[in-house]
Amino acid sequence: MLEVNGLRVTYGGIQAVRGITFHVNEGEMVALIGANGAGKSSTLRALARLLDPAGGNVRYRGQEIQRLPPHRLVEQGIALVPEGRGVFPRMSCVENLRMGAYSRNDLNEIERDLEHVLGHFPRLKERAQQLAGTLSGGEQQMLAIGRALMSRPKLLLLDEPSMGLAPIMVQKIFQVICAVAAEGMTILLVEQNAKLALEVSQRGYVMESGEITVTDEASKLLADPKVRAAYLGE
Ligand code: ATP
């Protein structure tokens, strides 16, 4: 579904992503793990076209997309849940969710999807009319995921969904991510919580200083002594 070849991201003179190559198959959940500053978010932002890659080639379902504008990617089925969530604080939960469907005009289907998303997140249903800015961090994360789902993506790019959240909230959010994956969604998951990310993914890539240094099935990475020492706190 997604083939990334030699992707590079630079900020002025800094090379944040140094020509990485990886892929995500249809229906897979793939984890991109690594320390702070390894280049994971820059990779996702380049894939979602929130920044211009300095080089490389990105193919999505066979089509080159590295020059398409972000809104075209949403129309084609790629949705990013950004680091920091980026909800619209002065809009209600439901208004935020509807914003996720701005590129669609199938009104009946949008209503159905809204119910489906609220079914995944009963907390948001209870707070449907509450302003997003007044929600807790975990609820905002739910909202950001829900908003992305409202575009009916085929490929979901998740940037650090566990960041800054209490363990109980992380657990709830990952339950929904797994439920969405079980419905057939293809997911690229960027996480600093490597253990959690690898436990729910089929495959993983380890990023260090802008490069992919290790890749394998997630279960093998979880058992790899070097990965355990460097990323699983052992
Ligand atoms: P984190 O988990 O902290 O977000 P990351 O693996 O996602 O880490 P990136 O945020 O992609 O890493 O950062 C990769 C490198 O690029 C870092 O050295 C970072 O300081 C640098 N960087 C990121 N954004 C910018 C920017 N807007 N301007 C300059 N340098 C940046």
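You'll find the structure just up there.
Conventions we followed
Residues numbered from 1 in each chain as written. Predicted model: local features only at pLDDT ≥ 70, side-chain atom pairs only at ≥ 80, totals over all residues. Heavy atoms only, no water. Near = heavy atom within 4 Å. Polar contact = N/O pair within 3.5 Å; in protein donor to acceptor, adjacent residues only side chain to side chain. Areas by Shrake-Rupley, 256 points an atom, 1.4 Å probe, with all protein chains shown as cover. Helix = DSSP H or I, 4+ residues; strand = E, 2+ residues; numbered from the N terminus. Nonpolar A, V, L, I, M, F, W, Y, C, P; charged D, E, K, R; others polar. Salt bridge = Lys/Arg side-chain N within 4 Å of Asp/Glu carboxyl O. Pairing = 2+ DSSP bridges. Contact = heavy atoms within 4.5 Å. Axes fitted to C-alpha atoms, helices over the stretch in contact; angles between N-to-C directions. 1 Å grid on protein atoms, 1.4 Å probe; cavity = no way out; pocket = protein on both sides within 12 Å on 5 of 7 lines; lining within 4 Å. Points joined across faces, edges and corners; volume = space filled by probe spheres on them. Core = buried A, V, L, I, M, F, W, Y, C linked by side-chain atoms within 4.5 Å. Buried < 20%, exposed > 50% of the residue type's maximum accessible area, 1.4 Å probe, protein only.

## Re the site of the ligand
Item 1. Not every one of the 13 residues close to the ligand is listed here, only the nearest: Asn-36, Gly-37, Lys-40, Ser-41 and Ser-42.
Item 2. Here Lys-40 contributes a side-chain N or O atom positioned 2.8 Å from an oxygen atom of the ligand.
Item 3. About the coverage of the ligand: the protein hides 62% of its 620 Å² of free accessible area.
Item 4. Broken down by element, the residue count for the shell around the ligand peaks at three residues, all from helix H1 (residues 40–47).
Item 5. For the shell around the ligand, a count of residues per class yields four nonpolar, six polar and three charged.

## Focus on the pattern of salt bridges
Item 1. Applying the stated rule across the entire model yields 16 salt bridges.
Item 2. One salt bridge connects Asp-106 with Arg-104, and the closest N-O pair in it is separated by 3.1 Å.

## Considerations on the sheet that holds strand E5 (residues 63–64)
Item 1. Ordered in space as E2-E1-E4-E5, the four strands form an open sheet in which the pairing is antiparallel. Here the strands that pair on one side only, and so sit at the sheet edges, are strand E2 (14–24) and E5.
Item 2. As paired strands, strand E1 (residues 2–11) and E2 are joined by eight bridges and run antiparallel to one another. Bridge pairing in E2 links Val-9 to Val-17.
Item 3. Running at roughly 115° to E1, H1 makes contact with E1, E2 and strand E4 (55–60) of the sheet.

## With respect to unusual backbone geometry
Item 1. Positive phi outside glycine occurs at Arg-49, with the angle close to 65°.
Item 2. Not every positive phi belongs to a glycine, and Arg-61 is a case in point at roughly 50°.
Item 3. On the secondary structure map, Arg-61 appears in the loop between E4 and E5.

## As for the layout of surface pockets
Item 1. Reported here for the largest pocket is a volume of approximately 450 Å³.
Item 2. Around the largest pocket, the lining comprises 21 residues; the ones closest to its centre are Val-74, Ala-79, Leu-80, Tyr-102 and Arg-147.
Item 3. For the lining of the largest pocket, the secondary-structure elements that each account for two or more residues are helix H2 (70–76), strand E6 (78–81) and helix H6 (137–149).
Item 4. Considered class by class, the residues forming the lining of the largest pocket number 16 nonpolar, four polar and one charged.
Item 5. The space that makes up the second largest pocket amounts to roughly 300 Å³.
Item 6. Lining the second largest pocket are 15 residues, and of these Leu-149, Arg-152, Pro-153, Glu-183 and Met-185 lie nearest its centre.

## Notes on the environment of Tyr-102
Item 1. Inspection of the secondary structure puts Tyr-102 in the loop between helix H3 (93–99) and helix H4 (107–120).
Item 2. Sequence separation between Tyr-102 and Val-74 is 28 residues, and the spatial gap between their C-alpha atoms is 9.8 Å.

## Points about the nonpolar core
For soluble globular proteins, the rule of thumb is that nonpolar side chains tend to be buried together.
Item 1. Among the nonpolar cores identified, the biggest contains 51 residues, and Leu-156 and Ile-187 are the most heavily contacted of them.
Item 2. At eight residues, the largest contribution of residues to this core is made by helix H7 (residues 167–182).
Item 3. Once residues lying within four places of it in the same chain are set aside, the contact partners of Ile-187 are Val-24, Glu-28, Met-29, Val-30, Leu-156, Leu-158, Ile-177 and Ala-181.
Item 4. Ala-46, Ala-48, Leu-51 and Leu-155 belong to the second largest nonpolar core, which has 30 residues in total.

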